[in-house]
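Spelled out, the chains give:
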Amino acid sequence: MKRIVYLAISIVSMVMLAACSSGDELLTRTITPLNPEVSTVDLPATKVFVQGAHLSGADTRSGWATTRNYSYGDLTWPSVNVVEGWEVARFTIRIDGTLPGWLNQSAAKYWGGHEGPNLGKVWTGYAYGTYDDRGLDYYKKDTKTGNNVGMFRYVYDESGIATQNAIKEAPDVVTFLTYWLNKETSETANKKALQSAIDDLNNNKTKVLWYVVKEVGMQYGWHVNGILTNKEVENVNDVADPDVTDEVNAEVEAGNLVDTDPLAVVPNNVEVDIHLQQHEDWNEIKTSTHIRTHAGAVTINLPLTESNIVEQDDFNIRVYDYYYKEYENVKTKITHDDKGITIEISGIEDDMIDELKANFGDGLTVEIHSYCKQIEGVWEELKKSKVVTEKTCDVVGQITSAYTTEKKDL
């Protein structure tokens, strides 16, 4: 684990002004809609995340590929939400399948940057390491702005998985690559490369490896750097310049890294947090499930009135598949019926939970975003939510609402 943390500092530096990345490297994802009919009604769609990876794919509503009104709202970078514990991040990706030495990085090789629908969110509470960003001292403040100006935060994982604990929400890569494709008005090498990258993602030939989450240049100035690569690539070093390791070691020896151990004691439980959020147009319910023990299948029921549940195509049942390494695929089945919203998470192998806890400091995280038409009566219904596990284990959690200070423990 120490080696991973040390290596982070160099990669953080190497992509300082160039790019951002996020690790989907060891996992592949498929979506299995049991009802293939998709309407064009402009309604919010259920969103599913497993280990921070967005499983519901690119949104097909008109304009989303060419405006910043993408699936996480019109975010502003840099910014922080202190109450919910997240900060806005810029996600940038390299699509040529290589990662050169950090002294030779070229911003032109990365897509995302300051423009386009490439913003997402990172958690503020993650136990980040810190590194010397261009000799600045993070704990000193600029006399004019009052912002901290040095010793910035990062997490790096050459396998692209530990970064998922720091990433709250990643933008859809096809969406923001399409944004840049549409800006290429004539046939160019860039246009051909972008089209090829989008086609490969849509055809499930490649994957995204988000390898570093880093704060650079200013407080809250988060970048997430990634690389689009073949599915057989299991480590960012497999496609990196051999000099990267030597340059990382030089950074360590120079003392440009303050090491922190992001792994804490992980509880043996299932934690479920259900929160009713307030938005301008729709009422959103976020159900976050953290599976840190041998629970088997986990079922969560939100007993909402069926007619109040919002969904683009009025689906009754939909299943999302998530594959992690050699383990059985995790299935997240969402049902909308007269019982409300029922979330069933299955295919959770005990060995997978043990490995995730040992290597990345947490278990399996599944997050569901659901929507309802009106707020009246929803809080009283949500308070009756239930969690059932296949195997006997500790279940903790809470039900909260943006509309009241009342809280109900599960």
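Asks: An account of the packing of aromatic side chains is needed here, citing residue identities and associated values.
Replies: The final tally for this structure, using the stated rule, is four aromatic pairs. Seen from their ring centres, Tyr128 and Trp222 are 4.8 Å apart, and the 40° between their planes marks the pair as tilted. Note that Tyr128 is positioned in the loop between strand S7 (119-123) and strand S8 (129-131) and Trp222 in strand S12 (residues 222-230), a separation of 94 residues in sequence. Assessed through its relative accessible area of 7%, Tyr128 is described here as buried. What makes Trp222 buried here is its relative accessible area of 0%. Between Arg90 and the ring centre of Trp77, over which it is positioned, the NZ or CZ distance is 4.4 Å. The ring of Trp86 has Lys121 sitting right over it, with the charged end atom 4.1 Å from the ring centre.

Asks: Residues and numbers for the side chain of Thr342, please.
Replies: Within the secondary structure layout, Thr342 lies in strand S20 (residues 340-346). A distance of 3.0 Å separates a polar atom in the side chain of Thr342 from a polar atom in the side chain of Asn301. Dropping the residues within four chain positions of it, Thr342 is found in contact with Thr299, Ile300, Asn301, Lys333, Ile334 and Thr335.

Asks: Describe in detail the packing of helix H2 (residues 173-183) against helix H3 (residues 189-202), supporting the description with residues and values.
Replies: Contact pair H2 / H3: the axes reach a minimum separation of 9 Å and the direction vectors enclose 160°. Judged by the angle between their axes, H2 and H3 are roughly antiparallel. Helix-helix and strand crossings are classified by hand; for H2 and H3 the assignment is left-handed. Residue-level contacts link Val173, Val174, Leu177, Thr178, Trp180 and Leu181 of H2 to Lys191, Leu194, Gln195, Ala197, Ile198, Leu201 and Asn202 of H3.

Asks: Account for the nonpolar core, with residues named and values stated.
Replies: Core analysis: the biggest nonpolar cluster contains 40 residues, and Ile285, Ile291, Leu364 and Leu382 have the highest contact counts within it. Sequence-distant contacts of Leu382, defined by excluding residues within four places in its chain, comprise Ile274, Leu276, Ile285, Leu302, Leu304 and Ile399. Val122, Tyr126, Tyr179 and Val224 belong to the second largest nonpolar core, which has 29 residues in total.

Asks: Got a sec to walk through the pattern of salt bridges? Specific residues and values, please.
Replies: Per the counting criterion, the structure on display carries 11 salt bridges. Across the salt bridge formed by Asp321 and Lys331, the nearest N and O atoms sit 2.9 Å from each other. Taken as a pair, Asp321 in strand S18 (residues 317-324) and Lys331 in strand S19 (residues 330-337) lie far apart in primary sequence, 10 residues in all. Classification of Asp321 as buried rests on a relative accessible area of 4%. Its relative accessible area of 35% is what places Lys331 among the partly exposed residues. With a closest N to O distance of 2.9 Å, Asp350 and Lys391 form a salt bridge. In this pair, Asp350 is assigned in helix H5 (residues 350-360) and Lys391 in the loop between strand S22 (386-389) and strand S23 (395-401), connecting sequence segments 41 residues apart.

Analysis parameters
- Residues numbered from 1 in each chain as written.
- Predicted model: local features only at pLDDT ≥ 70, side-chain atom pairs only at ≥ 80, totals over all residues.
- Heavy atoms only, no water.
- Phe/Tyr/Trp six-rings, centres within 6.5 Å; stacked < 30°, edge-to-face > 60°.
- Helix = DSSP H or I, 4+ residues; strand = E, 2+ residues; numbered from the N terminus.
- Buried < 20%, exposed > 50% of the residue type's maximum accessible area, 1.4 Å probe, protein only.
- Lys NZ or Arg CZ within 6 Å of the ring centre and 35° of its normal.
- Polar contact = N/O pair within 3.5 Å; in protein donor to acceptor, adjacent residues only side chain to side chain.
- Contact = heavy atoms within 4.5 Å.
- Axes fitted to C-alpha atoms, helices over the stretch in contact; angles between N-to-C directions.
- Parallel < 35°, antiparallel > 145°, perpendicular 65-115°, else oblique.
- Left-handed = near helix turned anticlockwise from the far one by under 90°.
- Core = buried A, V, L, I, M, F, W, Y, C linked by side-chain atoms within 4.5 Å.
- Salt bridge = Lys/Arg side-chain N within 4 Å of Asp/Glu carboxyl O.

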